[in-house]
Protein chains: 2
Amino acid sequence: MLNPEELNELVAPLRDDLTSGAAEIALRSIGVFQATLAGSEDLDAEEVKSRLSTTARALIDAQPAMAPLFHLGNSVLNAVAAATTAEQVNTRAHEALEQFDRRMCQSAEAIADQVFDLVPPGELVFAYSFSSTVVSSLLNARSRGKYFRVLCTEARPALEGRKLATMLASGGLEVIHTFDTAIGLALPMCRAAFMGCDCVGRPGLVNKVGSWLLATACRELGIPLYALCGTEKFVDDERFFEFEKHERPGSEVWDDAPAGVRVLNRQFEIVPFSHLAGLVTENGILAEKDVEKYVSELTVHDSLRLEGSAFA
Amino acid sequence: MLNPEELNELVAPLRDDLTSGAAEIALRSIGVFQATLAGSEDLDAEEVKSRLSTTARALIDAQPAMAPLFHLGNSVLNAVAAATTAEQVNTRAHEALEQFDRRMCQSAEAIADQVFDLVPPGELVFAYSFSSTVVSSLLNARSRGKYFRVLCTEARPALEGRKLATMLASGGLEVIHTFDTAIGLALPMCRAAFMGCDCVGRPGLVNKVGSWLLATACRELGIPLYALCGTEKFVDDERFFEFEKHERPGSEVWDDAPAGVRVLNRQFEIVPFSHLAGLVTENGILAEKDVEKYVSELTVHDSLRLEGSAFA
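Residues numbered from 1 in each chain as written. Chains lettered and ligands numbered in written order. Predicted model: local features only at pLDDT ≥ 70, side-chain atom pairs only at ≥ 80, totals over all residues. Heavy atoms only, no water.

Asker: Summarise the layout of surface pockets; cite the residues concerned and give the values.
Answerer: Residue and element names in this part refer to chain B. Taken as a whole, the largest pocket encloses approximately 340 Å³ of empty space. What lines the largest pocket is a set of 14 residues, and nearest its centre among them are H71, S75, R103, T231 and L298. Mapped by element, the contributors of at least two residues to the lining of the largest pocket are α4 (67–80) and α5 (86–118). Residues that form the lining of the largest pocket fall into these classes: five nonpolar, seven polar and two charged. (1 Å grid on protein atoms, 1.4 Å probe; cavity = no way out; pocket = protein on both sides within 12 Å on 5 of 7 lines; lining within 4 Å. Points joined across faces, edges and corners; volume = space filled by probe spheres on them. Helix = DSSP H or I, 4+ residues; strand = E, 2+ residues; numbered from the N terminus. Nonpolar A, V, L, I, M, F, W, Y, C, P; charged D, E, K, R; others polar.)

Here it is, written out as structure tokens:
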């Protein structure tokens, strides 16, 4: 069972991880719930539930743009809501964690199957920022015998595009890499573009800053841009704008900026559905009209409702 | 009088300067012509002309995207064409250099006067890459009492956007700075955008990579983007695509890229006129239809014609 300091020690690296995608960070968060449950069998059931709530909120606050962290916490809390003993809480929480893990893996597999059909053989495709779903989908297509090349850019300031390039190249894909503003030179050579996604809701999709610029350029050039996102990325209106909380220190962009220069370092932005060719999910390629069903079906646990929200 | 090694020593810093604009590099190139002329009074006139040609071609090749370098060399060579003594060559060449210097300064002043009227008072304006004309225009507007703020981005890989931010801030402007892909977050806060320009011709405008992305975003958001460019940037069709020669080493983008990753580092790109609100020149704000007059009036010296060109 974690005390507040121990919890913070486990959550801090996830908060400061600027180069991993939402799916990857959600999978690593499962371990934080497991640590929360460890040694809790002899406690009061309500005490264990309360600690699970604390862990869930700490993880969600660490990466407020990443919807899978909300879904992970929400599914654990909903699963244990009716449990009356600590043992029941433990069993149901572990089941929920395993189920979430399975869901994420099956989702990634189903998405990869569809990406295989979307990759134009022999062509160059564009990939942006870093997403484990994009990596696994493109490497899956290559290993199933499709030959193509990938163009990607740095993704300043954290440079997670280099991580993407390195992983794709080490998996046998030929990669062309350039800096972000060269998107305008690079995209006309590409026949399709892929990116991950942190969150989907009624207003559109939230992803790493630069996604709007990429999407606008793709639309201008007539290049289809697909967002790869399992339905664990879908959230209701109340939570959609939480990504705006995620502001990093300006010093990560320019550590010795002169007086009179204020440095902005926001990490996420909205891309409207009109700029996308589709959302590739485990349930097929979805369009804007399909989003409603997923966001209206959500059951949000009371302890994860946002205080003072107009939607609460 | 310069020998080839001395010439190369003077030209190399201009070739490797990735953070200065075309006007600034052209003004510094005047010194290379002056060094070429030094001590040439006792030589044969044709020998001096030939050395001036060599200097002109070396400077043009150093920064093939920057039209003012072509105009500087071309005006010197045209000025000395009919000279029959070394003394005449010297006198006429120096006159041409002084005239070019004067023209560039008057041009910057006339452009600044117009930018004063284009800056919306009290608002935020966007500035991209680095251009001495943009800097002098914005600082002029501030010193004439207009209050406004400037938003600019890094301009990777050479980061000349930091140079822009530093110079604007040291001149008393309040600057907000962010990384390049955050253009989509930054632009909606701005009411106008300004950039420099390396070259203008019938197909459009050539400027630092990222300009197309900025221009596309400005058009999408309805923000007027002005290119500040004296008519010393205008070239004919033969020379327009010379900017494509300017490719820098990939190691300047990523110096230890892994095997399987090829790094592209191109520096310039075309922006179509349709994406711009106007070209701010010393002769007023010009549109696409006005370009023809300037590019058809050019007299190109024989030694600056491009070999093997379809237009030669």
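Asker: So, the sheet that holds strand β8 (residues 261–263) of chain A: which residues are in play, and what are the values?
Answerer: The strand order β8(A)-β3(B)-β2(B)-β1(B)-β4(B)-β7(B)-β10(B)-β11(B) describes an open sheet built from eight strands, whose pairing is mixed. Single-partner strands in this sheet number two, and they are β8 of chain A together with β11 (284–286) of chain B. Each strand axis lies, on average, 30° off the axis of its neighbour in the sheet, ignoring direction. With five bridges connecting them, strand β1 (residues 124–128) of chain B and strand β4 (residues 190–195) of chain B associate as parallel partners. Note that in β4 of chain B the partner of L124 of chain B across the bridge is C190 of chain B. (Pairing = 2+ DSSP bridges. Axes fitted to C-alpha atoms, helices over the stretch in contact; angles between N-to-C directions.)

Asker: Requested: an account of the relation of the copies chain A and chain B, with residues and values cited.
Answerer: Overlaying chain A with chain B gives an RMSD of 0.0 Å, the required rotation being 180° about an axis along which the chain moves by 0.0 Å. What we have between these two chains is a two-fold relation. (Least-squares fit on C-alpha atoms with pLDDT ≥ 70 in both.)

Asker: Pulling in residues and values, what's your account of the pairing of strand β10 (residues 278–281) of chain A?
Answerer: Side chains on a regular strand alternate between the two faces of the sheet. All names here are of chain A. Here β10 shows no split at all, with G278 and V280 on one side and L279 and T281 on the other all buried. Pairing analysis gives three bridges linking strand β7 (residues 225–228) to β10, with the strands arranged parallel. Note that in β10 the partner of Y226 across the bridge is G278. Where β10 folds back on strand β11 (residues 284–286), the antiparallel hairpin that results is connected by two residues. (Buried < 20%, exposed > 50% of the residue type's maximum accessible area, 1.4 Å probe, protein only.)

Asker: Describe the packing of helix α1 (residues 4–15) of chain B against helix α2 (residues 22–37) of chain B, naming the residues involved and giving the relevant values.
Answerer: All names here are of chain B. It is the contact of α1 with α2, at a shortest axis distance of 11 Å, that shows an interaxial angle of 180°. The orientation of α1 with respect to α2, classified from their angle, is roughly antiparallel. Contacts from L7, L10, V11, P13 and L14 in α1 reach I25, R28, S29, V32 and A35 in α2. Looking at the contact of α1 with α2, its residues break down into eight nonpolar, one polar and one charged. (Parallel < 35°, antiparallel > 145°, perpendicular 65-115°, else oblique. Contact = heavy atoms within 4.5 Å.)

Asker: Residue-level account of the interface of chain A and chain B, with values.
Answerer: On the chain B side, the residues contacting the 46 residues of chain A number 46 residues. Both sides of the chain A and chain B interface together cover about 3,900 Å² of buried area, and 67% of this is carbon and sulfur. Looking at the side of chain A facing chain B, the largest losses of area belong to F179, T181 and L213 of chain A, adding up to 17% of the total buried there. For the pair chain A and chain B, the interface holds four salt bridges. With a shortest N-O distance of 2.1 Å, R156 of chain B and E154 of chain A are connected by a salt bridge. If you look at where chain A meets chain B, you find 20 residue pairs in polar contact (both at pLDDT 80 or more). Among the elements of the structure, α7 (160–170), β3 (174–178), α8 (183–186), α9 (211–221), β8 and β9 (268–271) of chain A are those that each provide at least two residues to the side of chain A that touches chain B. A per-element tally of the side of chain A that touches chain B places α9 of chain A first, with seven residues. In this sheet, strand β8 (residues 261–263) of chain B lies alongside β3 of chain A in parallel orientation, the contact comprising three bridges. (Buried area = accessible area lost by both parts, 1.4 Å probe. Salt bridge = Lys/Arg side-chain N within 4 Å of Asp/Glu carboxyl O. Polar contact = N/O pair within 3.5 Å; in protein donor to acceptor, adjacent residues only side chain to side chain.)

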